[in-house]
Amino acid sequence: MRSINSRRLFSGTGLIVTGLAATLVALIFPIWSYSDRSGTGVDTLNAQTLSTRYGPLSALDRDFVTKVRLAGLWELPAGQQAEERGTTQAVRTAGEHLIEGHTFLDERVREVASQLGLQLPNQPNEQQQAWLGTLSAARGEEYDVQFANILRKAHGKVFGLVAQVRANTRNSLVRRLADDANTTVLDHITVLEATGLVDFDALARDAATASPPPLTSSPAPPGPTDSPSPPVPVSPAARSASPTYTLPPPATSRPPEDDEPKDPKGPKNSEASKDGDTGGDKSGNKKP
């Protein structure tokens with residue numbers, strides 16, 4: 001009788017010990033499988049980050065630089081097209097902002113890429129070319145709607161990437177480029193929404209169902225490269241003679257930081273104003 005009870009006691013104890021051991025293994029396995037294996041977390045960051053004189057340059061940083069360049073390659077001709085085809089002043093104004101913003105931003109990204117030794121694309125990607133094709137096929141009010149919604153959707157996606165890069169980059173050049181991109185993209189979002197044609201319900205549905213976009217092929221690691229050339233616009237529509245577009249004055253980069261207090265009323269108009277020079281023709285300073 002005692003031997004039977006002893007066997008039952010031993011059997012019960014064995015089950016408890018076995019269960020505890022299994023629980024301990026289950027707790028330890030995730031720690032082992034992730035902390036000591038490459039390709040995750042900090043290991044991935046370190047493996048894809050390159051050292052530069054301006055700070056570490058991650059794969060996300062390089063992807064961001066590429067996408068800034070790609071944005072200008074298709075939004076610049078889209079802006080030129082909107083100036084020509086837009087049926088409302090709001091659409092034409094949005095086109096002007098696209099031209100001005102990406103003329104400035106493309107100069108900035110080519111400067112940054114040159115300093116970091118990155119090779120940039122010279123043609124829009126397939127999706128961007130498809131967007132230009134859709135716009136080229138539209139006319140009248142349909143064009144206005146397609147322009148406002150295609151461009152607004154594209155800017156919304158870029159806006160999130162800019163914020164992510166600005167918050168996490170350790171590279172000073174990329175950080176300043178993100179500042180410029182943030183200002184430009186927000187301005188474009190604002191003028192596109194001012195057309196009154198943006199379908200916000202469609203944007204929300206698209207955001208709810210879309211999966212995270214894959215990384216664009218990052219430029220080659222820093223090294224000797226040719227200076228990036230200006231963008232080669234893809235003609236948005238076949239024409240016998242392409243019109244000449246007069247671009248608005250390009251935006252200027254922010255002034256260098258200094259120790260002098262800034263005038264809250266804004267910068268002076270010119271050096272001449274400092275000397276009290278009031279002569280000359282002032283008509284050129286007035287805007288219609």
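Use the structure listed above.
Summarised in this report is the structure supplied together with it. Think of each chain on its own: its residues are numbered from 1, step by step along the sequence as written. In keeping with the model being predicted, local features are shown solely for residues with a pLDDT of at least 70 and side-chain atom pairs are shown and tallied solely at 80 or more, while totals for entire chains, interfaces and linings include all residues. The side-chain figures draw on all heavy atoms in the structure; neither hydrogens nor water molecules are used.

### Section: the overall build of the chain
Across its full length, the chain carries nine helices and zero strands. When its helices and strands are written in sequence order, the chain yields α-α-α-α-α-α-α-α-α. Across the 288 residues that make up the chain, the buried fraction comes to 32%. The contact criterion used is simple: two residues touch if any of their non-hydrogen atoms lie within 4.5 Å. Long-range pairs, those at least 24 residues apart, make up 82% of the contacts in the chain with a sequence separation of at least 6. Looking at the chain as shown, the accessible area adds up to about 18,200 Å², and 56% of this sits on carbon and sulfur atoms. We count a stretch as a helix when DSSP gives it H or I for four or more residues in a row; a strand needs E for two or more, and each element gets its number in order from the N terminus. Whether a residue is buried, partly exposed or exposed follows from its accessible area with a 1.4 Å probe, protein chains only, as a fraction of its type maximum: under 20%, in between, or over 50%, in that order. Under the convention used here, a 1.4 Å probe and the Shrake-Rupley method define accessible areas, while residue burial counts only the protein chains that appear.

### Quick look at the packing of helix H5 (residues 126–137) against helix H6 (residues 140–168)
Axis definition: a line fitted to C-alpha atoms, over the contacting stretch in the case of helices. Angles run 0 to 180 degrees between N-to-C directions. H6 packs onto H5 with a crossing angle of 165° between their chain directions and a minimal axis gap of 9 Å. Of the possible angle classes, the one that applies to H5 and H6 is roughly antiparallel. The way H5 lies across H6 gives a crossing that is left-handed. Across from Trp131, Thr134 and Leu135 in H5, the residues of H6 making contact are Tyr143, Gln146, Phe147, Ile150, Leu151 and Ala154. Comment on the angle field: the value is read as roughly parallel under 35 degrees, roughly antiparallel over 145, roughly perpendicular from 65 to 115, and oblique elsewhere. Each crossing is labelled by how the near helix is turned from the far one, with a counterclockwise turn of less than a right angle marking it left-handed and a clockwise turn marking it right-handed.

### Things to note about the nonpolar core
Membership of the largest hydrophobic core comes to 20 residues, with the highest contact counts inside it found for Phe64, Val65, Val109, Leu116, Leu118, Val174 and Leu177. Looking at this core, the elements that each hand over two or more residues are helix H3 (59–85), helix H4 (89–116), H6 and helix H7 (172–193). With sequence-adjacent residues up to four places away left out, leucine 177 is seen in contact with Phe64, Val65, Leu105, Arg108, Val109 and Val112. Put simply, a nonpolar core is a bunch of buried Ala, Val, Leu, Ile, Met, Phe, Trp, Tyr and Cys residues held in one set by side-chain atoms that sit within 4.5 Å of each other. Within the second largest apolar cluster, 17 residues are counted, among which are Trp131, Ile150, Val191 and Leu192.

### Structural notes on H3
Helices are assigned an expected span. That span is 1.5 Å times one less than the residue count. Spanning 27 residues, H3 covers 39 Å between terminal C-alpha atoms, matching the ideal 39 Å at 1.5 Å per step. Among the 27 residues of H3, 23 are classified as buried, and the element is accordingly described as predominantly covered.

### Here's the deal with the packing of aromatic side chains
Stacked, tilted and edge-to-face are the three classes applied to pairs of Phe, Tyr and Trp rings, where Trp contributes its six-membered ring and a pair requires centres within 6.5 Å; stacked means planes under 30 degrees apart, edge-to-face means over 60, and tilted covers the rest. What the rule picks out here adds up to two aromatic pairs. Considering the side-chain rings of tryptophan 74 and tryptophan 131, the 5.0 Å spacing of their centres and the 45° angle between planes classify their relative orientation as tilted. Taken as a pair, tryptophan 74 in helix H3 and tryptophan 131 in helix H5 lie far apart in primary sequence, 57 residues in all. Centre to centre, the rings of tyrosine 143 and phenylalanine 147 are 6.0 Å apart; their planes meet at 20°, and the pair counts as stacked. Taken together, the positions of tyrosine 143 and phenylalanine 147, both in helix H6 and four residues apart, correspond to about one turn of that helix. Here tyrosine 143 matches phenylalanine 147 in class, with each residue buried.

### Topic: the side chain of glutamine 128
Structurally, glutamine 128 can be placed in helix H5. Classification of glutamine 128 as buried rests on a relative accessible area of 7%.

### Considering the pattern of salt bridges
Any Lys or Arg side-chain nitrogen found within 4 Å of a carboxyl oxygen on Asp or Glu counts as a salt bridge. The final tally for this structure, using the stated rule, is eight salt bridges. With a shortest N-O distance of 2.6 Å, arginine 108 and aspartate 180 are connected by a salt bridge. Of this pair, arginine 108 sits in helix H4 while aspartate 180 sits in helix H7, and the two are 72 residues apart along the sequence. Exposure class is identical for arginine 108 and aspartate 180. Each is buried. When the shortest N-O distance is used, the salt bridge between aspartate 206 and lysine 153 registers 3.4 Å. Taken together, the positions of aspartate 206 in helix H8 (residues 200–209) and lysine 153 in helix H6 put the pair 53 residues apart, joining distant regions of the chain. Residue class for aspartate 206 comes out partly exposed when judged on its relative accessible area of 23%. A relative accessible area of 32% means that lysine 153 is categorised as partly exposed. If you follow the salt bridges from partner to partner, you end up with Arg69, Asp106 and Arg110 in one network.

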